[in-house]
Amino acid sequence: MRRLNFDAVVIGGGHSGVEASYILAKAGFSVALVTQRKDFIGRMSCNPSVGGVGKGHLVREIDALGGLMAKIADKSGIQFRILNSSKGAAVQGLRCQSDRNRYSQEAIYALCAFKNLEILEGEAVSIESSSSVRGVWLEDGTFIKTKNCIIAAGTFLRGKLFTGMSVKDGGRVGEPPSKQLSLSLEKLRISLSRLKTGTPARLKKDSINYEILEKQEGDRTPEPFSLYSKPFPLLPQTCCYVTYTTEKTKQVVNKFLDKSPLFQGLIKGIGPRYCPSLEDKIVKFPHHERHQVFIEPDGVDSDLVYPNGISTSLPVEAQDEFIRTIPGLEEAKVEVYGYAVEYDFIQPTNLNFDLSLKGIDGLYFAGQVIGTTGYEEAAGLGLYSAYNIIKKLKGKAPFRLQRSESYLGVMVEDLVLKGVLEPYRLFTSRAEYRMLLDRHTAYRRLSKYAEEENLIPEEEKIFREEWENSFRKWVGALKKHKTKGGNCFEAVKRESSLENSLLNDFPIENPFMKNYLFSEIRNEGYRKRFAEEARKIEAALYVKLPKDLDYQKIAGLSREMVERLSAAKPETLLSASRIPGVTPAALSLLRIEIEKRRKK
Amino acid sequence: MDILDTIYGEMTFPGRSALRVVRVSGELTKKAVEKIFDRHSSLMKTHKTAVRGKLLDLKGNTIDDIVAIFFKKPNSYTGEDVVEFHCHGAETVLKILSSSLESFGIRKAKNGEFSFRAFINGKISLKEARRLKKVMEAQTLKESSAVYASQEIIERELKSLSETIIEILARWEARIDFPEEVPQEDINKWIEELSPLQKQIDHLLKISERSRQVKEGFKVAIFGAPNSGKSSLFNNLLGRERAIVTPHPGTTRDILEEKLEIDGLPVIFLDMAGARKKSQKIEKAGIEKAIKVAEGAHLVLFLFDGKKGWRKSDDEALSFLKGKKIIKVATKKDLYKKKSLPENVVEISNLSGFGIEKLIKMVISSLKASLPKGELLILDEREMMTVQKTARFVKDAFISIKQRDEVSASDFLKRALFEIDELFKTESLEIIYDSIFKDFCIGK
């Protein structure tokens, strides 16, 4: 029996686990990453794509905080697009198509570069703990001694895969689930619930008739996710194709509904409303004539494509049949069939704001296992939990981001305070101050936290400072340069079509800088106003609730309120106000209690 | 107002009556009862049961034979320990009881304080508390019965506004957050979608404005040439309604304000004495000021010397008040018999009091005509603030969308919605998502 000892152990090598181990290792701590297969680290289990509206913002924040996702997405990107490009900068979302294998390889390279990070192949079966974590047992009997453990098991906890009426155990196609870890968590009195998600079939690239499909190109001058990506882009750029389901597709799907595990009640877990299966779409929106299908490349030299939009858990014969009713896919060959996965998750309201479990010191959870969906959300949470372990190991106060300062802060607070009814995805509309959170300002907002923990290498730091300087110089130049009716800055603010003519006078070639500048010009006024409002509101609401507050002793609080408040342990009045069901009367009592204590 | 204090208050209407009830609520109640009620030990063992005993002063002398009822916390109106003393109606009993209670540090309750505590302690809902507060604030019986009805209407209006906003935002946020799945629309469509809000918000603003009028009073400006009898009328009006009037000497060049309640309506009379002076310069400044004040008034009493008759200069002055409600008043009726005057002129005499009663009636009917028909809606400060803030954010949304900035417009609209949420303690964001996922097939 091997005996090992680490500062932190990360269970799971998905997007959350990768980000968490990367940050911990970068901070210089000894880390063990436990994963069933080393070569599957950073694997994209669903669509070969990173970013989007909201999600893209998150990737930028990860970059600003010294994380990995933006860098490897840039290295493995084969198409880059800004979604919502015609709308305000605050909601423009950067997204890329990725080379699936390359993305995973880049993640592995990045992790293997650390001498203080050890990748342990095997299955984590139990957490040794009482009121705090003592270590992690692997299936082969290895004991890893540690005080800090992040469980980032994704969909693997008691994962079940559904294709038609046949059910198989599995965390992902071709990989076994983790059953024992679930049992071990239950022994620790952690209650687990079920969620569901799904993925479509993978098709042979050369079995598709591209001639009749609508082509979708990337941006001509793509913007990278990471400020530090150079050279960029690295890989040859490709395009996607768009097609649609037909009336025939509907008929086939309807024909097989009696073999749908979703509609026959086999699947108990709740799936995300924003990521429905094709059968779900057809049943819920019977009046829709057709549904979009994006044919996305799986990689530069991959022989597969990913048909985005037809995720399904119908039986294989149904998949074969309905796929061929879609224009362009008449001759499509299925390489891997679509399936639904149902898995255990822990309701995030059981966690503290540092993502550690209430009641067990040092046991952290991150990613899909706490009820999110999406690589970006998972990565963000992995990074966030790692930051907190760093703080803990250094004896500092927990890491916490405000809602007005980052999407990551919005997500963590939403999860911990409200819990989830379906897998959580980040939307820009979830943030109260999205004007303050556009992708360009991520570094201004967040890099200071990374620097505090030495997570930004010196050369990147210098580069960023020069970059911000040059940005300020451009702003100055634009403000100085006279044009019709004032200076350039104001002219562009009034008339955005002037942007192009302005570029003739000011040859700003770097798309990153160009977009940053135009966003700044357009949003300057609002940003100031919202920033001021956010500051005021937060000052009032971020009044801290005493840590030792015993809700039972507050006169007048109903038992229900005592339960809710004691369970959520809100840090501030604001957090308390966001707990579902907490009444204004209860909030007033809290306010009074704080006043009372202050007077004493 | 300290929520931790123990408070007392008379529950019955002050004045002569057979019985008077005093309620004490808070932590110190028990301590006080021990000292001032002889059968305190049996009283404190009961709950909601009448106990007969002797009310004592601090020296232990009996001052009344009373009934006391103890309501144990949290099962009392306020949620705190409450004792009600049912005493006999003598004023002295009440005085001694009050001073005894105060010696324990128990203070007199402020208006609405028992209900406020009931709310804080979760005994009554916010809605109920606000309603009670308004009922207590309502000055006449008629008003308080109207409050119950109007509260429902106000809530319905605001809820309907929030529903409209949710409907718009569901479409907008869907376009913003799911650009690939939701059909995108031209900016003109966004503007078109926002426009129904204008009507709704204008309507609410009007209610809010009227409500403010009712609360603050209707302004009636007394306007006219020097020596037309403005100050006399002002004093006359006040004199009829109040015992003492003391117009400050030497302030005649400024505006005098007096608030009266006539026929249930709060009316503020503004005396613009000395509006016109002989010196050209001062005259001009005076007129300008008078006109400005008159413009802010709901009604203008336009005075002229009846003995001199209607003159050209009166026409000139009148032309500055275009669009205002005006009652023309001919003064000094005691100094002339018959005169050819313009139509619709009220003749009065400040000296004899002739016509004053008629004038007051005209003022009231004119002001009442400006009130909305049907129920009288009364918004409290908090509701008025919500309406105003919401209106401001909606206006910002209009400005932004016209600048083709759909993101800011959307954010402002969300802020408007959050203002209403704040009032009702609701959370609309999830409703927006429900609506999005119901109406649009999201998800690639």
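Residues numbered from 1 in each chain as written. Chains lettered and ligands numbered in written order. Predicted model: local features only at pLDDT ≥ 70, side-chain atom pairs only at ≥ 80, totals over all residues. Heavy atoms only, no water.

Asker: Tell me about the overall build of chain A, and please be specific about residues and values.
Answerer: Each helix and strand counted, chain A has 18 helices and 24 strands in total. Its C-alpha atoms give chain A a radius of gyration of 25 Å, within 12% of the compact-globule value 25 Å for 600 residues. Overall, the C-alpha framework of chain A stretches about 80 × 70 × 50 Å when taken along its three principal axes. A burial count over chain A gives 62% of its 600 residues as buried. Of all intrachain contacts in chain A linking residues separated by at least 6 positions in sequence, the fraction that spans at least 24 positions is 75%. A total accessible area of about 23600 Å² is found for chain A, and carbon and sulfur atoms account for 50% of it. (Helix = DSSP H or I, 4+ residues; strand = E, 2+ residues; numbered from the N terminus. Rg over C-alpha atoms; globule rule 2.2 N^0.38 Å. Buried < 20%, exposed > 50% of the residue type's maximum accessible area, 1.4 Å probe, protein only. Contact = heavy atoms within 4.5 Å. Areas by Shrake-Rupley, 256 points an atom, 1.4 Å probe, with all protein chains shown as cover.)

Asker: Can you break down the interface of chain B and chain A residue by residue, with the values?
Answerer: Taken together, the 47 residues of chain B in the interface contact 47 residues of chain A. Taken together, the links from chain B to chain A amount to six salt bridges. The partner of Arg-273 of chain A in a salt bridge is Asp-434 of chain B, and the shortest N-O contact between them spans 2.8 Å. Where chain B packs against chain A, one counts 15 residue pairs in polar contact (both at pLDDT 80 or more). Every element with two or more residues in the side of chain B that touches chain A is listed here: α4 (113-120), α6 (141-177), α13 (381-402), α14 (406-424) and α15 (429-439) of chain B. Per element, the largest residue contribution to the side of chain B that touches chain A is nine residues, and it comes from α14 of chain B. Here the residues of the side of chain B that touches chain A sort into 18 nonpolar, eight polar and 21 charged. (Salt bridge = Lys/Arg side-chain N within 4 Å of Asp/Glu carboxyl O. Polar contact = N/O pair within 3.5 Å; in protein donor to acceptor, adjacent residues only side chain to side chain. Nonpolar A, V, L, I, M, F, W, Y, C, P; charged D, E, K, R; others polar.)

Asker: Please set out the domain arrangement of chain A residue by residue, giving values where relevant.
Answerer: By a widely used convention, the size of an interface equals the accessible area lost when the partners come together. All names here are of chain A. Looking at the assigned domains, one finds that chain A contains domain 1 (3-195 + 344-452), domain 2 (202-342), domain 3 (458-541) and domain 4 (551-599). For domain 2 versus domain 3, the distance between C-alpha centres works out to 39 Å. Facing the nine residues of domain 2 at the interface are seven residues of domain 3. For the pairing of domain 2 and domain 3, the buried interface totals around 770 Å² over both sides, and the portion due to carbon and sulfur atoms is 70%. (Domains from an automatic or database assignment. Buried area = accessible area lost by both parts, 1.4 Å probe.)

Asker: For the environment of Val-300 of chain B, give the residues involved together with the corresponding values.
Answerer: All names here are of chain B. With respect to the element layout, Val-300 can be found in strand β10 (residues 299-305). Assessed through its relative accessible area of 0%, Val-300 is described here as buried. With sequence-adjacent residues up to four places away left out, Val-300 is seen in contact with Ala-221, Phe-223, Ala-294, Leu-321, Lys-324, Lys-325, Ile-326 and Ile-327.

Asker: So what's going on with the pattern of salt bridges? Residues and values would help.
Answerer: All names here are of chain A. The tally for this structure, following the rule as stated, stands at 57 salt bridges over all chains. Its salt-bridge partner being Glu-422, residue Arg-273 comes within 2.8 Å of it at the nearest N-O pair. Highlighted residues: Arg-273 in the loop between α6 (247-255) and α7 (278-284) and Glu-422 in the loop between α10 (407-418) and α11 (442-452), separated in sequence by 149 residues. Since its relative accessible area comes to 13%, Glu-422 is described here as buried. The network of salt bridges with shared partners includes Arg-400, Arg-403, Glu-413, Asp-414, Glu-432 and Glu-571.

Asker: Residues and numbers for a positive patch on the surface, please.
Answerer: A surface patch of positive charge is lined by Lys-307, Lys-308, Arg-311 and Lys-339 of chain B. Following the sequence through the fold, Lys-308 of chain B ends up in the loop between β10 and α11 (312-319). (Patch = residues over 30% accessible without salt bridge, like charges linked within 9 Å, V, L, I, M, F, W, Y side chains within 5 Å. Lys, Arg positive; Asp, Glu negative; His and termini not counted. Charge placed at Lys NZ, Arg CZ, Asp CG, Glu CD.)

Asker: Can you lay out the environment of Asn-254 of chain A for me, pointing to particular residues and giving the numbers?
Answerer: On the secondary structure map, Asn-254 of chain A appears in helix α6. Separated by 25 residues in the primary sequence, Asn-254 of chain A and Glu-279 of chain A have C-alpha atoms spaced 7.6 Å apart.

Asker: Lay out helix α4 (residues 100-112) of chain A with the relevant residues and their values.
Answerer: Here α4 of chain A is 13 residues long and its end C-alpha atoms lie 19 Å apart, about the 18 Å a rise of 1.5 Å per residue gives. Among the residues of α4 of chain A, those classed as buried are Arg-100, Tyr-103, Ser-104, Glu-106, Ala-107, Ile-108, Ala-110 and Leu-111 of chain A. (Expected span 1.5 Å × (residues − 1).)

Asker: A description of the sheet that holds strand β14 (residues 192-199) of chain A should follow, citing residues and the corresponding values.
Answerer: All names here are of chain A. Pairing is antiparallel in the open sheet, where four strands are placed in the order β13-β12-β21-β14. Pairing within the sheet leaves two strands with one partner each, and these edge strands are β13 (166-169) and β14. Within the sheet, the average angular offset between the axes of one strand and its neighbour, ignoring direction, is 25 degrees. Of the strand pairs in this sheet, β14 and strand β21 (residues 339-346) are connected by eight bridges, and their pairing is antiparallel. The partner of Lys-196 across the bridge, within β21, is Glu-342. (Pairing = 2+ DSSP bridges. Axes fitted to C-alpha atoms, helices over the stretch in contact; angles between N-to-C directions.)

Asker: Outline the packing of helix α2 (residues 55-64) of chain A against α11 of chain A, supporting the account with residue identities and numerical values.
Answerer: Residues and elements named next belong to chain A. The contact between α2 and α11 brings their axes to 8 Å, and the two run at 40 degrees. Considering the angle they form, α2 stands oblique to α11. α2 and α11 meet at a crossing whose hand is right-handed. Within the contact between the two elements, α2 uses Arg-60, Glu-61, Asp-63 and Ala-64 and α11 uses Ala-442, Tyr-443, Arg-445, Leu-446, Ser-447 and Ala-450. Classifying every residue of the contact of α2 with α11 by side-chain character gives five nonpolar, one polar and four charged. (Parallel < 35°, antiparallel > 145°, perpendicular 65-115°, else oblique. Left-handed = near helix turned anticlockwise from the far one by under 90°.)

Asker: Let's hear about the packing of aromatic side chains: which residues, and what values?
Answerer: Taken as a whole and judged by the stated rule, the model has 26 aromatic pairs over all chains. Taking the centre distance of 6.1 Å and the plane angle of 80 degrees together, the rings of Tyr-228 of chain A and Tyr-443 of chain A count as edge-to-face. Residue Tyr-228 of chain A is found in the loop between β16 (214-216) and β17 (240-244), and its partner Tyr-443 of chain A is found in helix α11; the two are separated by 215 residues along the sequence. For the pair shown, Tyr-228 of chain A and Tyr-443 of chain A are each scored as buried. Look at Tyr-274 of chain A and Phe-427 of chain A: their rings are 5.1 Å apart centre to centre, the planes differ by 85 degrees, and that puts the pair in the edge-to-face class. Residue Tyr-274 of chain A is found in the loop between α6 and α7, and its partner Phe-427 of chain A is found in the loop between α10 and α11; the two are separated by 153 residues along the sequence. Following the ring pairs from residue to residue traces out a cluster consisting of Tyr-274 and Phe-427 of chain A together with Phe-178, Tyr-433 and Phe-437 of chain B. (Phe/Tyr/Trp six-rings, centres within 6.5 Å; stacked < 30°, edge-to-face > 60°.)

Asker: Which residues make up the environment of Asp-39 of chain A, and what values go with them?
Answerer: Residue and element names in this part refer to chain A. When you line up the elements, Asp-39 lands in the loop between β3 (31-35) and β4 (49-51). A C-alpha to C-alpha distance of 7.7 Å links Asp-39 and Ile-108, two positions 69 residues apart in sequence. Discounting chain neighbours no more than four positions away, the residues touching Asp-39 are Ser-104, Ile-108 and Glu-121. Of the polar contacts made by the side chain of Asp-39, one reaches the side chain of Arg-37; its length is 2.8 Å.

Asker: Could you give an account of helix α3 (residues 91-103) of chain B, naming the residues involved and the relevant values?
Answerer: Within an α-helix, residues lying three or four positions from one another point in the same direction, as the helix has 3.6 residues per turn. Residue and element names in this part refer to chain B. Counted at 1.5 Å a residue, the expected span for α3 with its 13 residues is 18 Å, and the 19 Å between its end C-alpha atoms agrees. Here α3 has its buried residues at Val-93, Leu-94, Leu-97, Ser-98, Ser-100 and Leu-101. For α3, the angular spread of the buried residues around the axis is 165 degrees, confining them to a single face. In α3, those exposed residues whose orientation departs by more than 90 degrees from the buried face are Thr-92 and Lys-95. Next to the buried residues of α3 lie β1 (7-10), β2 (19-25), α1 (29-36), β3 (50-56), β4 (62-71) and β5 (82-88). (Arc of directions from axis to C-beta.)

Asker: So what's going on with the sheet that holds β3 of chain A? Which residues, and what values?
Answerer: One key point about sheets: their strands pair by backbone hydrogen bonds, in either a parallel or an antiparallel sense. All names here are of chain A. Within the open sheet, the five strands sit side by side as β7-β3-β2-β11-β22. Their pairing is parallel. Looking along the sheet, the strands with just one partner apiece sit at the ends: β7 (117-121) and β22 (363-365). With strand direction ignored, the average angle separating the axes of adjacent strands in the sheet is 20 degrees.

Asker: So, the nonpolar core: which residues are in play, and what are the values?
Answerer: Judged by nonpolar contacts, the single largest core of 152 residues is most densely connected at Ile-127, Ile-151, Leu-363, Phe-365 and Leu-590 of chain A. In terms of residue count, the dominant contributor to this core is helix α9 (residues 375-393) of chain A (nine residues). The contact partners of Ile-127 of chain A, leaving out residues within four places of it in the chain, are Ile-11, Val-133, Gly-135, Val-136, Cys-149, Ile-151, Leu-181, Ser-184, Leu-185, Leu-188 and Leu-363 of chain A. Of all hydrophobic cores here, the second largest spans 54 residues; its members include Ala-90 of chain A together with Phe-178, Ile-207 and Val-387 of chain B. (Core = buried A, V, L, I, M, F, W, Y, C linked by side-chain atoms within 4.5 Å.)

Asker: Could you give me a rundown of the pairing of β21 of chain A, with the residues and numbers involved?
Answerer: Residues and elements named next belong to chain A. Counted residue by residue, β21 has eight buried out of eight residues, so it is predominantly covered. As defined by bridge partners, strand β12 (residues 160-163) adjoins β21 across three bridges and the pair is classed as antiparallel. Note on β21: the bridge partner recorded for Leu-161 is Val-341.

Asker: Can you break down the side chain of Glu-422 of chain A residue by residue, with the values?
Answerer: One polar contact links Glu-422 of chain A to Arg-273 of chain A, side chain to side chain, over a distance of 2.8 Å. If we ignore the near neighbours within four places in the chain, the residues touching Glu-422 of chain A are Leu-195, Ile-270, Gly-271, Pro-272, Arg-273, Tyr-274 and Gly-371 of chain A.

Asker: Could you give an account of unusual backbone geometry, naming the residues involved and the relevant values?
Answerer: Cis geometry marks the peptide bond from Lys-230 of chain A to Pro-231 of chain A; its omega dihedral reads -5 degrees. With respect to the element layout, Pro-231 of chain A can be found in the loop between β16 and β17. Positive phi, normally seen in glycine, also occurs at Lys-48 of chain B, with a value near 60 degrees. On the secondary structure map, Lys-48 of chain B appears in the loop between α2 (40-45) and β3. The phi dihedral of Arg-404 of chain B falls on the positive side, at around 60 degrees, and the residue is not glycine.

Asker: Quick one: what's the story with a negative patch on the surface, residue by residue and with numbers?
Answerer: On the surface, a cluster of negative charge is contributed by Glu-458, Glu-459, Glu-465 and Glu-466 of chain A. Turning to its location among the elements, Glu-459 of chain A is positioned in helix α12 (residues 458-480).

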